[in-house]
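Secondary and tertiary structure notes
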Amino acid sequence: MIDTPKEFNLKLQQWHALNERDLPWKSNANAYKIWLSEIILQQTQVKQGTPYYLNFVKKYPDIQSFIKADLDDILALWKGLGYYSRARNMYEAAQQINETFDGLFPNNYQDILALKGIGKYTAAAIASFAYELPHAVVDGNVIRLITRYYGITGDYTRRATMSKIESLAQKLMDHAILPSSHNQAMMDFGALQCKPSNPLCQSCPFNNQCIAYLNNQVDKIPFKTPKIKKTTRYFHYLVLMNHKGIILKQRTNEDIWKGLFDLPMIESDSSKPPSEETFFSILPSLKIKKTCIERPIKRILDTRKHILTHQIIFANYYEVSSTCDISQNENFQYFKNLGTIGYPSLFSKFLKGQDL
Ligand code: SF4
């Protein structure tokens, strides 16, 4: 049976008393410093982020000095951390604090959340660590602990699953324990005990209740739907036109867009225009006579990138100069009015950009 929040927290706090992480920003309840550390750690490891945090605090010890900082100086201090939008957002948030909150860091969750670059996690971290407001932080460590403990097998990146995790995290807050102590213990537990790989389940105080552990699912939770690997394809389209219209071919093979009308096309493994030799060698398969083509590639009309669920298509469009009436060939038809036929949206995008 799952522990009550009180029982859970008793075990958690006992564990934390022996295993607390020592981080340079943990000992203070200063909203500005917590904000700084949380933003630095958003996409950076603790080891890499610590010297940056210390440099910022040395140069700008409080929010008032940070408000006066030049963006260029903030960016210079940020150099090497990457994701510079974080630094720009901090600069903008500081201007917000100056203009909207008279230079004082806001002291409630909603106002903190309204600052540029601050999401739910960071707002909860600042609200709880600086002001002891009862908002559960839900970072990667907490997600891992909650999903394993409660046996949540759904994709945690989905909104419904994340809402469930957030709600459970909030319910686990025990009002007898300071929000900062609770949140820090949850994050430390996820980082040190309930680790992503090889969690220390044997010595875990929750191993009698943890559903993932009891069901042998620890390595499957938290679950995230694997990203579909997209195939990259290069399409070289031939745009042949005369007074009868534009030449199209119905796609009949087992591939994307089967049954739709599309321009005649050569597929290759590169975005480079096909050589004249390749161009002419492919004509028989397109059932176009070599003698029909005056100039294989007159000019490039357009280039496009088109993203499908499983494929990324890079398309080039070449104006081709032809001397004969290709509509004699059963594979191709001239079309003037395209309103009656179906064609891929990639072709529709090409048409919109052309004066054909
Ligand atoms: S038993 Fe293992 S998986 Fe479950 S909470 Fe403890 S460390 Fe995490």
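Residues numbered from 1 in each chain as written. Predicted model: local features only at pLDDT ≥ 70, side-chain atom pairs only at ≥ 80, totals over all residues.

1. Regarding the overall build of the protein
When you go through the protein residue by residue, the secondary structure sums to 14 helices and eight strands. Against the 2.2 N^0.38 benchmark of 21 Å for 356 residues, the protein shows a C-alpha radius of gyration of 30 Å, more extended than a compact globule. Across its three principal axes, the protein shows a C-alpha extent of roughly 85 × 55 × 35 Å. Expressed as a percentage of the 356 residues in the protein, the buried residues total 29%. (Helix = DSSP H or I, 4+ residues; strand = E, 2+ residues; numbered from the N terminus. Rg over C-alpha atoms; globule rule 2.2 N^0.38 Å. Buried ≥ 20, exposed ≤ 12 C-beta atoms within 10 Å, placed from the backbone.)

2. So, the site of the ligand
Taken together, 15 residues are adjacent to the ligand, and Cys-194, Cys-201, Cys-204, Cys-210 and Tyr-213 come closest. Residue assignment for the shell around the ligand shows that the elements contributing at least two residues are helix 9 (140-150) and helix 12 (211-214). Sorting elements by how many residues they give to the shell around the ligand places helix 9 first, with three residues. Of the residues that constitute the shell around the ligand, the class distribution is twelve nonpolar, two polar and one charged. (Near = placed C-beta within 6 Å. Nonpolar A, V, L, I, M, F, W, Y, C, P; charged D, E, K, R; others polar.)

3. Focus: the domain arrangement of the protein
In many analyses, interface size is given as the accessible surface area lost on bringing the parts together. Taken domain by domain, the protein consists of domain 1 (5-220) and domain 2 (231-352). Computed over C-alpha atoms only, the centres of domain 1 and domain 2 are separated by 53 Å. (Domains from an automatic or database assignment.)

4. A look at helix 8 (residues 120-131)
Taking 1.5 Å of rise per residue, twelve residues should cover 16 Å, and helix 8 covers 16 Å from first to last C-alpha, within 8% of that figure. Of all twelve residues in helix 8, nine are buried, a share of seventy percent or more. Along helix 8, the residues classified as buried are Thr-122, Ala-123, Ala-124, Ala-125, Ile-126, Ala-127, Ser-128, Phe-129 and Ala-130. Elements in contact with the buried residues of helix 8: helix 2 (31-40), helix 7 (109-113) and helix 11 (179-192). Directly beyond the C-terminal end of helix 8, a positive phi value near 55 degrees is found at Glu-132. (Expected span 1.5 Å × (residues − 1). Contact = placed C-beta atoms within 7 Å.)

5. Description of the sheet that holds strand 7 (residues 311-322)
Pairing is mixed across the open sheet formed by four strands, whose spatial order is 5-1-7-6. The sheet terminates laterally at strand 5 (265-268) and strand 6 (293-307), the two strands that pair on one side only. For this sheet, the mean angle separating the axes of adjacent strands, direction not counted, is 25 degrees. Pairing of strand 1 (residues 231-239) with strand 7, which is carried by nine bridges, proceeds in the parallel orientation. (Pairing = 2+ DSSP bridges. Axes fitted to C-alpha atoms, helices over the stretch in contact; angles between N-to-C directions.)

6. Topic: the environment of Asp-219
By the element assignment, Asp-219 lies in the loop between helix 12 and strand 1. For Asp-219, a count of 10 C-beta atoms within 10 Å corresponds to the exposed category. Each C-alpha atom, one on Asp-219 and one on Gln-64, is 46 Å from the other, the two residues being 155 residues apart in sequence.

7. Here we look at the packing of helix 5 (residues 71-78) against helix 6 (residues 85-100)
Helix 6 packs onto helix 5 with a crossing angle of 145 degrees between their chain directions and a minimal axis gap of 9 Å. The way helix 5 lies across helix 6 gives a crossing that is right-handed. Along its contact with helix 5, which presents Leu-71, Ile-74, Leu-75 and Trp-78, the element helix 6 presents Ala-87, Arg-88, Met-90 and Tyr-91. The residue makeup of the contact of helix 5 with helix 6, split by class, is seven nonpolar, no polar and one charged. (Left-handed = near helix turned anticlockwise from the far one by under 90°.)

8. Observations regarding the packing of helix 2 against helix 3 (residues 46-59)
For the pair helix 2 and helix 3, the least separation of the axes is 10 Å and the interaxial angle reads 145 degrees. The hand of the helix 2/helix 3 crossing is right-handed. Each of Lys-33, Leu-36, Ser-37 and Ile-40 in helix 2 lies in contact with helix 3, whose residues at this interface are Gly-49, Tyr-52, Tyr-53, Phe-56 and Val-57. By residue class, the composition of the contact of helix 2 with helix 3 is six nonpolar, two polar and one charged.

9. Here's the deal with helix 11
Since the α-helix turns once every 3.6 residues, residues separated by three or four places project in the same direction. The terminal C-alpha atoms of helix 11, which comprises 14 residues, lie 20 Å apart, in line with the 20 Å expected from a rise of 1.5 Å per residue. Of the residues making up helix 11, those classed as buried are Pro-179, Ser-180, His-182, Asn-183, Gln-184, Ala-185, Met-186, Phe-189 and Gly-190.

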